[in-house]
Amino acid sequence: MTDIYPAFDVSPVPVPGPDVRAPELFRGIYGMPMFVTVPTTDLAASTDFWVRGLGFFEFYSAPGQVVHLRRWMFQDVLLVPADPAAGAPAPGSGPALSVSFSCVLGQAGEIATACEELVPGCTTGPRTMPWGTVDVDVVTPENVRVTMTAAQPWDPDSAAARNLRDVGIDAPAE
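Residues numbered from 1 in each chain as written. Predicted model: local features only at pLDDT ≥ 70, side-chain atom pairs only at ≥ 80, totals over all residues. Heavy atoms only, no water.

Chemist: Honestly, the sheet that holds strand β3 (residues 66-70) in this entry has me stumped. Any pointers?
Modeler: One key point about sheets: their strands pair by backbone hydrogen bonds, in either a parallel or an antiparallel sense. Taken in spatial order, the four strands make up an open sheet running β1-β4-β3-β2, and their pairing is mixed. Of all strands in the sheet, those bounded by a partner on one side alone are β1 (36-40) and β2 (57-62). Each adjacent strand pair in this sheet contributes to an overall mean axis angle of 25°, direction not counted. Against the sheet, helix α1 (residues 43-52) makes contact with β1, β2, β3 and β4 (76-81), and its axis sits at roughly 160° relative to β4, the strand it touches most. (Pairing = 2+ DSSP bridges. Helix = DSSP H or I, 4+ residues; strand = E, 2+ residues; numbered from the N terminus. Axes fitted to C-alpha atoms, helices over the stretch in contact; angles between N-to-C directions. Contact = heavy atoms within 4.5 Å.)

Chemist: Explain the nonpolar core here, please?
Modeler: Most often, soluble globular proteins have nonpolar side chains that are buried together. Judged by nonpolar contacts, the single largest core of 26 residues is most densely connected at Trp50, Leu54, Val77, Leu79, Phe101 and Val146. Those elements giving two or more residues to this core turn out to be β1, α1, β3, β4, β5 (97-103), α2 (105-118), β7 (133-139) and β8 (144-151). Residues in contact with valine 77, not counting those within four places in the same chain, are Val36, Val38, Trp50, Phe56, Val67, His68, Leu69 and Phe101. (Core = buried A, V, L, I, M, F, W, Y, C linked by side-chain atoms within 4.5 Å. Buried < 20%, exposed > 50% of the residue type's maximum accessible area, 1.4 Å probe, protein only.)

Chemist: Just to check I follow, could you spell out the packing of aromatic side chains for this structure?
Modeler: Aromatic ring pairs: the centre-centre distance and the angle between the two ring planes describe each pair. In this structure the tally under the stated criterion is five aromatic pairs. Plain terms: the ring middles of tryptophan 50 and phenylalanine 56 are 5.3 Å apart, the flat faces sit at 75° to each other, and that makes the pair edge-to-face. Each ring, one from phenylalanine 57 and one from phenylalanine 59, has its centre 6.2 Å from the other, and the planes form 70°; the classification is edge-to-face. Judged by relative accessible area, which is 9%, phenylalanine 57 ranks as buried. Through a chain of ring-to-ring contacts, three or more aromatic side chains come together here, namely Phe26, Tyr30 and Phe74. Over the face of the ring belonging to phenylalanine 57 we find arginine 27, whose NZ or CZ atom lies 4.1 Å from the ring centre. The ring of tryptophan 72 carries arginine 71 above its face, with NZ or CZ at 5.0 Å from the centroid. (Phe/Tyr/Trp six-rings, centres within 6.5 Å; stacked < 30°, edge-to-face > 60°. Lys NZ or Arg CZ within 6 Å of the ring centre and 35° of its normal.)

Chemist: Just checking my understanding: could you explain the pairing of strand β6 (residues 123-128) for this structure?
Modeler: The two faces of the sheet receive side chains in turn, since in a regular strand these alternate between them. Across four bridges, the pairing between β6 and β7 is antiparallel. By the bridge assignment, threonine 124 is partnered in β7 with aspartate 137. Between β6 and β7, which pair antiparallel one after the other, the connecting turn spans four residues, and glycine 132 there sits at a positive phi close to 95°.

Chemist: It is not clear to me how the packing of α1 against α2 should be interpreted in this structure. Could you clarify?
Modeler: Axes are the key here: two packed helices are described by the angle between their axes and the distance separating the axes. Their axes nearest at 9 Å, the elements α1 and α2 cross at an angle of 150°. Here α2 runs roughly antiparallel to α1, going by the angle between their axes. Listed contacts from α2 to Asp48, Phe49 and Arg52 of α1 are Ala114, Cys115 and Leu118. Residues belonging to the contact of α1 with α2 are distributed by class as follows: four nonpolar, no polar and two charged. (Parallel < 35°, antiparallel > 145°, perpendicular 65-115°, else oblique. Nonpolar A, V, L, I, M, F, W, Y, C, P; charged D, E, K, R; others polar.)

Chemist: What exactly am I supposed to notice about the environment of leucine 79 here?
Modeler: Here leucine 79 shows up in strand β4. Residues leucine 79 and proline 39 lie 40 residues apart in sequence; the distance between their C-alpha atoms is 5.9 Å. Beyond its immediate stretch of four places on either side in the chain, leucine 79 contacts Val38, Thr40, Leu43, Ser46, Thr47, Trp50, Gln65, Val66, Val67 and Leu69.

Chemist: Just to check I follow, could you spell out unusual backbone geometry for this structure?
Modeler: Outside of glycine, negative phi angles account for most residues, and trans bonds account for most peptide bonds. Proline 126 follows glycine 125 through a cis peptide bond whose omega is 10°. For proline 126, the location among the structural elements is in strand β6. Located in the positive-phi region is phenylalanine 74, a residue other than glycine, with phi close to 70°. Following the sequence through the fold, phenylalanine 74 ends up in the loop between β3 and β4. One non-glycine residue with positive phi stands out, namely asparagine 143, at about 70°. Here asparagine 143 shows up in the loop between β7 and β8.

Below you can see the structure in the form of C-alpha cells.
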C-alpha cells in the first residue's frame, strides 16, 4: 500500500485529536458525490430525529416529497416518503440499511445522549474499536443503522496501530 498518503486537505474531517473541533455545518451547494436516501412513513418525525439526535440540519425540503438533510460537507441524507402499504420491517429483523458518518471524539457521547433522549434504547456505545475509532451505533425511527465514527489520534505504538499493521496497513509517511 505504498500509494497511500495523508490527504486531510481535501476532506472536511479534521485531523483526529482529543480537543479537535467539528467543522461547521456546511450550507454550500455542490454536486453531491454520495448521498443516502432513506424512506420514511413520517417525514416530520424522521427530520426531527436526524436534526435533534444526529446533528443534521434541513438543507432543503419539498413538502411531502423530500427533505434534504446535511451535516458536514459530503454528509447528505434525503428523506423520502415510504409506501405505507410496504409496512414496517418485521420485529427482530434488524436494520435494512447501514451507513456511517464521521464525527469528532467530543461528539460521540453527545450524539448518543441526544438520540437516547429522543428514542430510548436506540443506541449502542460509544465504544472503542480495534482500528482506532470511537463509534456510536444508532437505529433511527426508519430502522436505519447509523454509525457515527470518530477517529482517535494516531499512536504508532497503540494496539490499534498493531491491529492495522497485522492486516497490512501501516501509517503513511508524513
